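Geometric and topological summary
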Amino acid sequence: MSAALVFQCEELASEILEYLAPGPLRRTDTIQYRIHRRERQRSLACAARVSRAWRNPALRVLWRVVEGVMPLLSLLPPLVCIQPEFDSGREAEYLLSRDITQAEWTHFQDHANHVRELHVNPMPIDPTKSTSGPVISSTVWIILSRWCSRDGLCPRLQRLESLCLSASQSHELILISPKLRYLDLDFHGFQDFRAERMAVRSLFVHLRPVLHRLEGLRLGTGTRFCIDMDFDNEDDEQDTTGFTPFDLAELTALKHLEMVGLPAMLRSDGLLDTFDRMNLHSLSVFVCSFNPVPVLLADVSDLGATLRELRLRGSLDALTRLTAYAAGPSLHTLDLTFHDLYRIEAEALRQTFDQIGSSVTDNLRRLHVKLQGTSTIASGLDARLFFQPLLEKAHLSDIALTSSGIDLRLNKETLRLITTAWPNLTTLLIETDDGASCYPPLLSFEDMAEFVAYHPALKELALPHLNATALPRVDAVPVSNIGLEIFRLSSISTREGHRKETLFKLALLFDRLFPNLDLSAALTDELDRGRDRDCWDEVQDYMVALQAGRRSPHHYHICGSGGVFA
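Worth saying up front: this structure is predicted, and the values here are computed from it rather than measured.

1. Re the overall build of the protein
The helix and strand tally for the protein stands at 18 helices and 23 strands. Of all 566 residues assigned to the protein, the portion counted as buried reaches 49%. Contacts spanning at least 24 positions in sequence make up 76% of the contacts within the protein whose residues lie at least 6 apart. Counting only carbon and sulfur atoms, one obtains 51% of the accessible surface of the protein, whose full area is about 27100 Å².

In structure tokens:
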């Protein structure tokens with residue numbers, strides 16, 4: 001069979017074009033991944049124009065994941081953008097100049113039926129570009145709602161992200177499909193709590209037919225309500241501390257629940273009831289209070305038995321208590337963010353770290369702890385307090401201790417202590433932000449190099465500080481093939497009057513020691529001109545130049561803002 005006849009077979013064309021599938025789009029995607037997605041989309045668009053045999057297979061893959069609703073609306077010929085008069089104070093908006101014809105609607109449905117994942121408000125590839133633009137008039141949604149059936153605008157849609165409902169416009173509900181499996185929801189523009197409560201209740205009335213199919217639910221930061229898992233105050237209109245817009249028992253298929261709005265009130269019986277009726281695999285929640293009742297807890301033996309990922313944010317006391325009860329035997333990821341740590345003492349943190357260490361089960365692989373607040377510990381927080389209870393947990397492979405406003409102190413004795421603790425370590429993050437630092441810096445270049453050499457599987461490393469006042473000779477550091485891909489330093493100490501040459505020498509040393517570093521994040525930061533640059537930014541600039549000099553030009557792609565991406 002000739003090659004031409006092979007490609008006439010739609011099944012074979014589909015198999016081939018699947019290799020160009022852009023893949024899913026997530027909030028945590030790197031800039032490099034998003035650029036590669038865009039390149040694959042362009043390749044699929046070209047493939048769709050090759051022949052009639054390739055058109056449908058290419059469009060099925062290309063339209064599977066859609067970024068924004070404008071690619072869909074642009075399929076409608078009557079769509080026009082109306083520009084307001086200069087200094088009128090009005091925004092540009094998209095309108096339909098006339099009604100849609102049957103032929104135009106059929107063409108629209110041919111593409112909408114391919115959509116499985118839709119991001120209503122996607123993040124831009126270039127962080128310097130604003131996501132704001134012409135608004136979509138409510139009349140557009142009204143006309144579309146007349147044409148689409150009860151199956152929604154995209155009848156086969158399974159994942160809907162960044163859906164934002166406002167007090168003035170909620171017509172986007174026609175995007176909800178009966179086959180929906182994941183919903184990411186946000187609210188904006190409500191004048192008071194009661195108006196938002198009514199909007200949420202009406203929304204979940206609309207969602208009721210698909211609640212039993214939802215596998216993932218995310219309530220975003222725009223929500224100003226709390227969800228009270230105690231279920232006792234649903235009809236109390238005066239209580240604004242929490243409410244439940246739906247019975248969680250209806251979410252029989254729910255596996256992933258994320259609530260990042262206002263704090264949830266987790267009372268003991270409500271928490272037990274939630275875990276008892278829902279076999280959650282991942283839970284992310286902002287906890288404002290947790291008051292366990294030991295008598296009730298004793299009656300439940302499988303608390304958190306199916307939970308694999310647990311991400312909590314809240315006060316030190318609430319999270320310490322909750323972690324002890326919710327960390328079950330199947331837990332793979334534990335992510336804790338302690339906020340409002342004002343005037344906290346080292347002893348209180350030590351007790352919390354001991355409790356976290358005792359909650360670590362044999363299946364746990366990823367442990368991330370973030371401290372937010374302003375500490376009164378004069379000499380900085382000793383990182384050894386965090387690592388000491390974890391030294392016997394050899395199964396850990398991804399560990400992070402980060403702080404915002406709290407100084408972290410990591411000396412060479414602590415670094416040597418943890419060097420042999422976790423043989424399968426792939427990620428170690430010990431870093432500060434928001435200007436937190438600890439002087440004098442206690443780690444030398446040799447200390448860091450010795451630690452990395454002991455962990456060949458290490459892919460990501462971040463350290464709070466480095467003493468660069470006494471660096472080894474460049475030719476004394478052999479060129480290695482260490483697989484470290486991401487490396488960060490919160491602060492660097494240089495000799496007075498020798499800052500520039502010290503940072504350049506440090507870049508040469510890192511380039512010899514870590515030749516496989518992925519510097520796309522540094523290039524992304526370069527696009528953000530308003531951000532204050534520090535010593536580590538300059539070191540990364542030098543390393544980017546060294547990498548570019550080593551590689552041929554075709555290994556790099558130029559983005560629209562002038563940045564270079566490997």
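2. A short note on the packing of aromatic side chains
Under the defined criterion, the tally for this structure stands at 12 aromatic pairs. Consider the rings of F510 and F514, whose centres lie 5.9 Å apart with planes at 15°: the pair is stacked. Judged by centre distance (5.8 Å) and plane angle (85°), the ring pair of F510 and W536 falls under edge-to-face. With F510 in helix α16 (residues 499–513) and W536 in helix α18 (residues 535–550), the pair connects residues that are 26 residues apart, well separated along the chain. We note that F510, like W536, is buried. The rings of F445, F487, F510, F514 and W536 are connected pair by pair, giving a single aromatic cluster. Over the ring of Y182 we find R159, and its NZ or CZ is 3.7 Å from the ring centre. When the ring centre of F286 is taken as origin, the NZ or CZ atom of R313, which lies over that ring, is 4.4 Å away.

3. Observations concerning the sheet that holds strand β5 (residues 135–136)
Working definition: the strands of a sheet are paired by backbone hydrogen bonds and lie parallel or antiparallel to each other. Across the sheet, which stays open at both edges, the 3 strands sit in the order β2-β3-β5 with mixed pairing between neighbours. With partners counted over all chains shown, the strands left at the sheet margins are β2 (79–82) and β5, one partner each. The sheet strands contacting helix α7 (residues 138–147) are β3 (93–96) and β5, and the helix crosses β3 at an angle near 35°.

4. Details of α18
The end-to-end C-alpha distance of α18, which contains 16 residues, comes to 23 Å, matching closely the 22 Å that a straight helix rising 1.5 Å per residue would cover. Turning to α18, its buried residues are C535, W536, D537, E538, V539, Q540, M543, V544 and Q547.

5. With respect to the nonpolar core
Ranked by internal contacts, the top residues of the largest apolar core, which has 140 residues, are F487 and F510. Apart from residues lying up to four places away in sequence, F487 is in contact with M448, L461, L463, F510, F514, L517 and W536.

6. Re the pattern of salt bridges
The full count for this structure, using the stated rule, is 20 salt bridges. Its salt-bridge partner being R64, residue E18 comes within 2.6 Å of it at the nearest N-O pair. Placement of E18 in the loop between α2 (10–17) and α3 (31–47) and of R64 in the loop between α4 (52–62) and β1 (65–67) is noted, with a sequence separation of 46 residues between them. For R64, a relative accessible area of 28% puts it in the partly exposed group. For the salt bridge of D335 with R366, the shortest nitrogen-to-oxygen distance reads 3.8 Å. A residue pair is termed long-range when its members are at least 10 positions apart, and D335 in strand β12 (residues 333–338) and R366 in strand β13 (residues 366–372) qualify at 31 residues. On the basis of relative accessibility, which here comes to 17%, the residue D335 falls in the buried class. Among the ionic contacts, a cluster of salt bridges with common partners joins R37, R38 and E67.

7. Here's the deal with the confidence of the model for the protein
Caution applies to low-pLDDT regions: their predicted coordinates should not be interpreted in detail. When pLDDT is averaged along the protein, the result is 78, and 75% of the positions lie at 70 or above. In this model residues 224–245 is a low-confidence stretch, pLDDT under 50, and it forms 68 contacts with partners more than four residues away in sequence or in other chains. Within the model, the stretch residues 554–566 combines pLDDT values under 50 with 31 contacts to residues more than four positions away or in other chains.

8. Quick look at unusual backbone geometry
Positive phi is not limited to glycine here, since S162 has a value of about 60°. Position of S162 relative to the elements: it lies in strand β6 (residues 159–166).

9. A closer look at the environment of N113
As for its placement among the helices and strands, N113 is situated in the loop between α6 (102–112) and β4 (117–119). In this structure N113 comes out as partly exposed when scored by relative accessible area, which is 25%. Taking C-alpha positions, N113 is 5.8 Å from C154, a pair spaced 41 residues apart along the chain. What N113 contacts, discounting residues up to four positions off in sequence, is P155 and R156.

10. A closer look at the side chain of E161
With respect to the helices and strands, the residue E161 is situated in strand β6. One polar contact links E161 to R159, side chain to side chain, over a distance of 2.7 Å.

11. With respect to the environment of L280
As for its placement among the helices and strands, L280 is situated in the loop between α9 (268–277) and β10 (282–291). When residues no more than four places from it in sequence are discounted, the contact partners of L280 are L254, K255, H256, L257, T306 and L307.

12. A closer look at the pairing of strand β11 (residues 309–314)
Of the two faces of β11, the one lined by L310, L312 and G314 is fully buried and the one lined by E309, R311 and R313 carries no buried residue. Across 6 bridges, the pairing between β11 and β12 is parallel. Bridged to E309 within β12 is T333. In terms of handedness, the path from β11 via helix α11 (residues 316–326) over to β12 forms a crossover that is right-handed.

13. Things to note about the packing of α11 against helix α12 (residues 346–359)
Interhelical geometry of α11 versus α12 gives an angle of 20° and a closest axis separation of 9 Å. With respect to α12, the axis of α11 lies roughly parallel. Viewed along their axes, α11 and α12 form a crossing whose handedness is left-handed. On the side of α11, the interface is formed by L316, T320, T323 and A324, while α12 contributes A348, L349, T352, Q355 and S359. A breakdown of the residues in the contact of α11 with α12 according to their chemical character gives 4 nonpolar, 5 polar and no charged.

Rules behind the numbers
- Residues numbered from 1 in each chain as written.
- Predicted model: local features only at pLDDT ≥ 70, side-chain atom pairs only at ≥ 80, totals over all residues.
- Heavy atoms only, no water.
- Helix = DSSP H or I, 4+ residues; strand = E, 2+ residues; numbered from the N terminus.
- Buried < 20%, exposed > 50% of the residue type's maximum accessible area, 1.4 Å probe, protein only.
- Contact = heavy atoms within 4.5 Å.
- Areas by Shrake-Rupley, 256 points an atom, 1.4 Å probe, with all protein chains shown as cover.
- Phe/Tyr/Trp six-rings, centres within 6.5 Å; stacked < 30°, edge-to-face > 60°.
- Lys NZ or Arg CZ within 6 Å of the ring centre and 35° of its normal.
- Pairing = 2+ DSSP bridges.
- Axes fitted to C-alpha atoms, helices over the stretch in contact; angles between N-to-C directions.
- Expected span 1.5 Å × (residues − 1).
- Core = buried A, V, L, I, M, F, W, Y, C linked by side-chain atoms within 4.5 Å.
- Salt bridge = Lys/Arg side-chain N within 4 Å of Asp/Glu carboxyl O.
- pLDDT = per-residue confidence, 0-100.
- Polar contact = N/O pair within 3.5 Å; in protein donor to acceptor, adjacent residues only side chain to side chain.
- Right-handed = clockwise from strand over helix to strand, strands pointing away.
- Parallel < 35°, antiparallel > 145°, perpendicular 65-115°, else oblique.
- Left-handed = near helix turned anticlockwise from the far one by under 90°.
- Nonpolar A, V, L, I, M, F, W, Y, C, P; charged D, E, K, R; others polar.

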